[in-house]
There are 2 protein chains.
Amino acid sequence: MKEINIALLGFGTVGSGTAEALRRNREFIERQLGCSVHLKTVLVRHPEKYAQLELLQGVHVTADFQDVLKDPSIQIVIEVMGGIHPAKEYIYAALQRGINVVSANKDLVALYGPEIIQIALMNHVNFSCEASVGGGIPVLQPLHDSLAANRIDKIIGIVNGTTNYILTSMTDTGESYEAALAEAQAKGFAEADPTNDVCGYDAARKLAILTAIGFRANVTFDDVLVEGIEKIQQEDVTYARDMGYVIKLLAVALREENGVALNVYPAFVPKSHPLASVKGAYNAIYVVGNVVDDVMFYGQGAGSLPTASAVMGDVISTIKHIHNGSTGTGMILTDVRRIPFYSSLKLKDSYYFRLVVDDTTGVLASIARIFADNGISINEMVQKRRFEKFAELMLIVDTSPRESILRVEESLKLLPTVKSVANIIRVMSHEN
Amino acid sequence: MKEINIALLGFGTVGSGTAEALRRNREFIERQLGCSVHLKTVLVRHPEKYAQLELLQGVHVTADFQDVLKDPSIQIVIEVMGGIHPAKEYIYAALQRGINVVSANKDLVALYGPEIIQIALMNHVNFSCEASVGGGIPVLQPLHDSLAANRIDKIIGIVNGTTNYILTSMTDTGESYEAALAEAQAKGFAEADPTNDVCGYDAARKLAILTAIGFRANVTFDDVLVEGIEKIQQEDVTYARDMGYVIKLLAVALREENGVALNVYPAFVPKSHPLASVKGAYNAIYVVGNVVDDVMFYGQGAGSLPTASAVMGDVISTIKHIHNGSTGTGMILTDVRRIPFYSSLKLKDSYYFRLVVDDTTGVLASIARIFADNGISINEMVQKRRFEKFAELMLIVDTSPRESILRVEESLKLLPTVKSVANIIRVMSHEN
């Protein structure tokens, strides 16, 4: 029986999960492939720490990447180190040496995906990265293959488990943003420095990857406009719920007439929308194609074994390509043309405003005038709570271009009777 | 530029959708493939009816299958005729002549899938059938490829749009089963003879296909035990809702220690479960693997264009295989070993009972005794409505083997004080 030798770069959460997945299902995997699959080399910083590990018995554990690169028997490198350097250099070197690469590295793929795929193509090897978005959820492969007959027009993802966990806690328990974040940190769903997640950067990286594949376009992380959830307060969550919405951090790619708009932002999602029931650390990616209409992919967006499922799925596909002599074909991210961008300022959405205003006569009139002057219709207005001398005002306005919304925000801030513009959040329509 | 010639067998809902999908996205599809894709021949019973159809201008429309079979330029046959004969004969003949086949025919694949794939393998051509389950939802390909590192342990599908539409109507509007069915028929979601859908046969076919691919096993429609929704009444829907459940028709494949159990039945689904929010004619397939844990695929389970999306996705994959010279490899349904079956009588579930009983003293005691004698604990009992001399009794019992439940049913029917066992429905646990 033929043997495929694999090297694993990194042995953290995903790396150990990958080794465990292979151990657990080896017989089943090898029967499908008709060959044996051998984890030959693992690259880590401190090999001595792994000497006793049962999972790595018989595996060459090394700190020297040359042990991988110079081993002609290795046909697939799995990169699960994360970060840009030295992951990028290792991947480029492996591809250039004719070694197929599977990566779970969203940071890297979001920035250099289109470039990496070019190098893979030139070297007739595979590069795949299903695990870089949505943990174990099959979404990149289906977007690329099963939905290949569609012009994808819209992708809306809940692709960051940390923020979804925090927002779900705030919704279910009524706790504050700060308390929900602290709880997420205590339970390991958020890092000590949560910036990357709560400010939306992680979601933006995944959106760049989803868009590159779904829209067949050369887009990267830098093309995404990002707003996070750090301004969401319990008042917003409560008001959303009262109106039949839940707040979710959405990663949204839209195909507009003159280009593509890529945005990450929190939004009111109607409870009837399939994305509304995605709770806790789960992820989901909702996709609209011009033939299939709407489909959604759902599952655990992170975790050692779920992510390893995606990594090993890519490994199995790569082995099939090796057997067919077809590596370097049928790959995702193959179109490297830049795509025109549509200004997010022109995107039209309904919006929610929460304002803290003086509780005096005439205030409402002056606020209403600002909206009217900018051509924005107020759909609903509620005065919800009263502080000592202030009232809290919640408004939902009809679909309006973002540039008008930003102009209104500026004008409201200049009004002496407006103490603060506490929040402005998009409201997803029921037709989405 | 190379050209791939395609023939379409059948031009009904899915066939016309397929031609439309190709027309609509031709440029985009051909750019991906680097070749032109030509719908050369369409087989229909009455070619004269299509002479004026714009979509078929320049296409050879024929009633003679030999026009397809004897045309050496045709490399892919799309079978969207439905039914067993002559679809089966046409597919077998095409495969044996070395023509790749894409089929949307669930009736045929559910019965002959493993046999068809053997013929395809022997002739080194592709057979694919993504469209046979879940309309446009990518599920067979992801189950086969992206999740290939998993031992799939459970598949729970809402795979019949008609019954889901009826049950959703009954839940949302409070109408009777009969009224909801009539409405579904009026709106085209149910056929004049709804047996195939409401009795669960259509769901059973799709379950057989999902299991064959997900479990890598030779199972067919005949291996599925089927219960339909025809006994579900508004009382059951109301009671389910009051307890935090919705009733769904589920197609369930379970891997048990000594084999596989395949069942279609209506069940109480907890509102917190992702399957509970699948409404109307939508479908979803919830899958549990031993590495990925749980994932779900969601979308429109039928319809001309959504189903055509799946058909054309298969066509595009087949063309890639043709270009690679790798047709007949990497195909779904490749394992043709029979799999041991686990007796559904031994499956343990929680159950709901609705009984109509005499409204006299001592009745409850005699009923409770029957459950106790069969080792079944009653978890909850509600006496809900009173007729003239009868009471309606709803019970939820703890997890018990189906054989005990059936024994209890028999004993209850023999009790003179029990007027009728109106319904017995499984209750999905929150851990599912």
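Preceding block: the structure.
A quick note: this is a predicted structure, and the numbers were derived from the prediction, not measured.

Rotating chain B by 180° and moving it 0.0 Å along the rotation axis overlays it on chain A with an RMSD of 0.0 Å. Expressed as a symmetry operation, the mapping of one chain copy onto the other fits a two-fold axis. Among all C-alpha atoms of chain B, that of F297(B) lies closest to the rotation axis, at 2.5 Å. The share of interface residues of chain B whose copies in chain A are also at the interface is 100%, consistent with both copies meeting through the same surface.

The next subject is the packing of helix α1 (residues 13-33) of chain B against helix α11 (residues 304-324) of chain B. All names here are of chain B. Interhelical geometry of α1 versus α11 gives an angle of 45° and a closest axis separation of 8 Å. In terms of axis orientation, α1 runs oblique to α11. Where α1 crosses over α11, the handedness of that crossing is right-handed. Where α1 abuts α11, its residues T13, V14, S16, G17, T18, E20, A21, L22, R24, I29 and L33 lie against S304, L305, T307, A308, V311, M312, I316, I319, K320 and H323. Tallied by class, the residues present in the contact of α1 with α11 amount to 11 nonpolar, 7 polar and 3 charged.

Further remarks concern the layout of surface pockets. Rolled over the atoms, a probe sized like a water molecule indicates the empty space that remains. All names here are of chain B. Roughly 1200 Å³ of volume is contained in the largest pocket. What lines the largest pocket is a set of 48 residues, and nearest its centre among them are T13, V14, G82, K106 and E191. Counting only elements with at least two residues in the lining of the largest pocket, the list comes to α1, α4 (106-122), α6 (161-173), α8 (195-198), α9 (201-214), β11 (282-289) and α11. Among the elements that take part in the lining of the largest pocket, α1 stands out by supplying 3 residues, more than any other. Each residue belonging to the lining of the largest pocket can be placed in one class, and the counts come to 19 nonpolar, 21 polar and 8 charged.

What follows deals with the interface of chain B and chain A. Contact residues are listed per partner, giving 51 residues for chain B and 51 residues for chain A. For the pair chain B and chain A, the summed buried area comes to about 4100 Å², and 53% of that belongs to carbon and sulfur atoms. Linking chain B with chain A are 2 salt bridges. With a closest N to O distance of 3.4 Å, K320(A) and D145(B) form a salt bridge. The interface formed by chain B and chain A contains 25 residue pairs in polar contact (both at pLDDT 80 or more). Secondary structure elements with two or more residues in the side of chain B that touches chain A: α1, α5 (140-144), β12 (293-300) and α11 of chain B. Here the side of chain B that touches chain A takes 10 residues from α11(B), the largest share from any one element. Tallied by class, residues from the side of chain B that touches chain A come to 22 nonpolar, 18 polar and 11 charged.

Right, let's get into the side chain of T41(B). Residue and element names in this part refer to chain B. Turning to its location among the elements, T41 is positioned in strand β2 (residues 36-43). According to the relative accessible area criterion, T41 is buried, its value standing at 1%. Once residues lying within four places of it in the same chain are set aside, the contact partners of T41 are I6, A7, L8, V59, H60, T62, V68, D71 and I74.

Parameters at a glance
- Residues numbered from 1 in each chain as written.
- Chains lettered and ligands numbered in written order.
- Predicted model: local features only at pLDDT ≥ 70, side-chain atom pairs only at ≥ 80, totals over all residues.
- Heavy atoms only, no water.
- Least-squares fit on C-alpha atoms with pLDDT ≥ 70 in both.
- Contact = heavy atoms within 4.5 Å.
- Axes fitted to C-alpha atoms, helices over the stretch in contact; angles between N-to-C directions.
- Helix = DSSP H or I, 4+ residues; strand = E, 2+ residues; numbered from the N terminus.
- Parallel < 35°, antiparallel > 145°, perpendicular 65-115°, else oblique.
- Left-handed = near helix turned anticlockwise from the far one by under 90°.
- Nonpolar A, V, L, I, M, F, W, Y, C, P; charged D, E, K, R; others polar.
- 1 Å grid on protein atoms, 1.4 Å probe; cavity = no way out; pocket = protein on both sides within 12 Å on 5 of 7 lines; lining within 4 Å.
- Points joined across faces, edges and corners; volume = space filled by probe spheres on them.
- Buried area = accessible area lost by both parts, 1.4 Å probe.
- Salt bridge = Lys/Arg side-chain N within 4 Å of Asp/Glu carboxyl O.
- Polar contact = N/O pair within 3.5 Å; in protein donor to acceptor, adjacent residues only side chain to side chain.
- Buried < 20%, exposed > 50% of the residue type's maximum accessible area, 1.4 Å probe, protein only.

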